[in-house]
Amino acid sequence: MESTVDYYDRAKDVKEFDESKTGVKGLVDSGITAIPRIFIHPPENLIGLRSPHPGAIQIPTVDLSDFNANPARSHIVQQIRDAAGEFGFFQIVNHGIPIPIMDGTLSAVKSFHELPTEKKKPHYDRSRQGGVFYMTNLDLLRSKAATWADTLGIEIAPVPPDWERVPASCRSELMEWSMETKKLAGVLAELLCEGLGFHQDRLKELKCLESRVMAAHIYPPCPQPDLTLGTHSHTDPLLLTILLQNELEGLQVKIGEEWVTVKPIHGGLVVNIGDILQSVQHRVAANPHKKPRISVAAFFGPTEKENSLCYGPLPELLSEEKPAFYRSFTMTEFITLFYNKELCALKNNFKL
């Protein structure tokens, strides 16, 4: 008797899609009305995707006006401490980056992603040569289901990228955005230190801002947004992330057992703490709108090159009443586990 099982060679389909170098945006431009099978997720991945209830929880917004002067600074430090401790996410306004620079960055990223497929194909590359990459999904070749987004990435530090490899349509804007977010990350690190009871340079002394990566995403309109995701549920592996996004919703944060949709604020930025402090699960819903969702994430953390440094519970925070819960580790060990996709068991690897 012949088997009626529907055989599906996912690896073959993924390879063919990746080698086509069309990206998700190319699929949309081709006029598809159904998503390819490699993008379909199991129902358990999609729980709570479109069901925010009235009065749903919102992550806090912190106004950074006058952060350099008391009593405003003390109040801001407490707000950030509370938001980072309870939610792991918060939005910031009046952060010092001019809105025209923010809007210009988003517009430039959008202009690259909306180029004709044939003009983007020469940039499609997973090798990270020169610290630059453009692709559909960092984990496309090893994930169980692909997500509905394309990404232009730049590894900015500790080794500077070859900026000439960044597409000209967004190169100058992303260079400027890199400089602006570097300054802002320094301010946020100081405020986080003060909230933890440290002197403001403690995280800098631990070289927690030495590594910088930028990811400029497009989440194109999806013909079947209830069958897939824009980004898998995950945590960020470094110290903190600064996210610029356009007006379309999509980012969702898991608070307790509930997925909370983050409402974009024009002129605002989303900040989340990473696993170096204690991150929370978040994801991006597939885009159900007719316009693309654009975002630019700037990641800051220690570098793998600092193998002489171990990261773990800081002595200043420990006592007999509050012993260490996790052991120390090097960044090489941590990042290796992270990119090997041992995400569910990641924290268990470091428990004492």
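Residues numbered from 1 in each chain as written. Predicted model: local features only at pLDDT ≥ 70, side-chain atom pairs only at ≥ 80, totals over all residues. Heavy atoms only, no water.

**Some remarks on the sheet that holds strand E5 (residues 211-219)**
Definition in use: By definition, two strands form a pair when at least two bridges between them are found by DSSP. Helix numbers and strand numbers start at the N terminus; a helix is a DSSP run of H or I with at least 4 residues, a strand a run of E with at least 2. Every axis corresponds to a line fitted to the C-alpha atoms, with the helix fit spanning only the stretch in contact, and the corresponding angles, defined between N-to-C directions, vary from 0 to 180 degrees. Any two residues having at least one pair of non-hydrogen atoms within 4.5 Å are treated as being in contact.
Read from one edge to the other, the open sheet built from eight strands follows the order E1-E2-E10-E7-E12-E5-E4-E3, with strand pairing classed as mixed. The open sheet has two edge strands, strand E1 (61-63) and strand E3 (132-135), and neither has a second partner. Geometrically, the sheet is characterised by an average inter-axis angle of 20 degrees between neighbouring strands, direction not taken into account. Alignment of strand E7 (residues 240-245) against strand E10 (residues 269-273), held across four bridges, turns out to be antiparallel. In the strand pairing of E10, leucine 243 is matched with valine 270. Running at roughly 165 degrees to E1, helix H3 (residues 72-86) makes contact with E1, strand E2 (89-93) and E10 of the sheet.

**With respect to the packing of aromatic side chains**
Note the threshold: For this analysis, a ring pair means two rings from Phe, Tyr or Trp (six-membered ring only for Trp) whose centres lie within 6.5 Å, classed as stacked if their planes differ by under 30 degrees, edge-to-face if by over 60, and tilted for the remaining angles. Partly exposed residues are those whose accessible area sits between 20% and 50% of the maximum for their type, while under 20% is buried and over 50% is exposed, using a 1.4 Å probe and protein chains only.
This model, assessed by the stated rule, comprises five aromatic pairs. When the centroid spacing of 4.9 Å and the interplanar angle of 75 degrees are considered together, the rings of phenylalanine 39 and tryptophan 148 count as edge-to-face. Taken together, the positions of phenylalanine 39 in the loop between helix H2 (23-29) and E1 and tryptophan 148 in the loop between E3 and strand E4 (150-157) put the pair 109 residues apart, joining distant regions of the chain. Like tryptophan 148, phenylalanine 39 is buried.

**Thoughts on the side chain of lysine 120**
Our working rule: Note on charges: Lys and Arg go in the positive column, Asp and Glu in the negative column, and His and the chain ends are not counted at all. When a carboxyl oxygen of Asp or Glu is within 4 Å of a side-chain nitrogen of Lys or Arg, the pair counts as a salt bridge.
By secondary structure assignment, the location of lysine 120 is in helix H5 (residues 117-120). At 5.1 Å, aspartate 29 is the nearest oppositely charged side chain to lysine 120, a buried residue that forms no salt bridge. Among residues more than four places away in sequence, those in contact with lysine 120 are Lys25, Phe112, His113, Leu115 and Tyr134.

**Regarding the pattern of salt bridges**
For the coordinates displayed, the defined rule picks out 17 salt bridges. Residue glutamate 19 pairs with lysine 15 through a salt bridge whose shortest N-O separation is 2.7 Å. One end of the pair, glutamate 19, and the other, lysine 15, are both in helix H1 (residues 10-20), four residues apart, so they sit about a helical turn from each other. Using a relative accessible area of 52% as the deciding quantity, one classes glutamate 19 as exposed. Glutamate 190 is the salt-bridge partner of lysine 204, the closest N and O atoms lying 3.2 Å from each other. One end of the pair, lysine 204, is in helix H7 (residues 202-205); the other, glutamate 190, is in helix H6 (residues 171-196), with 14 residues separating them in the sequence. Within this structure, Arg73, Glu190, Glu194 and Lys204 form a network of salt bridges that share partners.

**Notes on the confidence of the model for the chain**
The following threshold applies: A residue's pLDDT is the confidence the predictor assigns to it, expressed on a 0 to 100 scale.
Per-residue confidence for the chain averages 91 on the pLDDT scale, and 91% of its residues sit at or above 70. In this model, residues 1-5 is a region of pLDDT below 50 whose contacts with residues beyond four sequence positions or in other chains number zero contacts.

**Structural notes on the packing of H3 against H6**
To keep things clear, this is the line we draw: Roughly parallel covers angles under 35 degrees, roughly antiparallel covers those over 145, roughly perpendicular covers 65 to 115, and oblique covers all other angles. When residues are grouped by polarity, Ala, Val, Leu, Ile, Met, Phe, Trp, Tyr, Cys and Pro land in nonpolar, Asp, Glu, Lys and Arg in charged, and all others, Gly among them, in polar.
The N-to-C vectors of H3 and H6 enclose an angle of 80 degrees; their axes lie 9 Å apart at closest approach. When the interaxial angle is binned, H3 and H6 end up roughly perpendicular. The residues of H6 that touch H3, namely those facing Arg73, Ile76, Val77, Ile80, Arg81 and Ala84, are Leu188, Glu190, Leu191, Leu192, Glu194, Gly195 and Leu196. Per-class residue counts for the contact of H3 with H6 are eight nonpolar, one polar and four charged.

**So, the packing of helix H4 (residues 99-113) against H6**
Geometrically, a packed helix pair is captured by the angle between its two axes and the distance between the axes. Inclusion rule: Two helices cross in a left-handed way if the nearer one is turned anticlockwise from the farther one by less than a right angle. They cross in a right-handed way if the turn is clockwise.
Two numbers describe how H4 lies on H6: the axes approach to 9 Å, and their chain directions differ by 135 degrees. In terms of orientation, H4 lies oblique with respect to H6. The chirality of how H4 crosses H6 is left-handed. On H6, the residues that touch Ile101, Met102, Gly104, Thr105, Ala108 and Val109 of H4 are Glu173, Leu174, Glu176, Trp177 and Glu180. In terms of residue class, the contact of H4 with H6 is built from six nonpolar, two polar and three charged.

**Considerations on unusual backbone geometry**
Here the amide bond leading from asparagine 70 into proline 71 is cis, since omega sits at 5 degrees, within 30 degrees of zero. Checked against the element boundaries, proline 71 lands in the loop between E1 and H3. Positive phi, normally seen in glycine, also occurs at arginine 128, with a value near 65 degrees. When you line up the elements, arginine 128 lands in the loop between H5 and E3. In this structure arginine 128 comes out as partly exposed when scored by relative accessible area, which is 30%.

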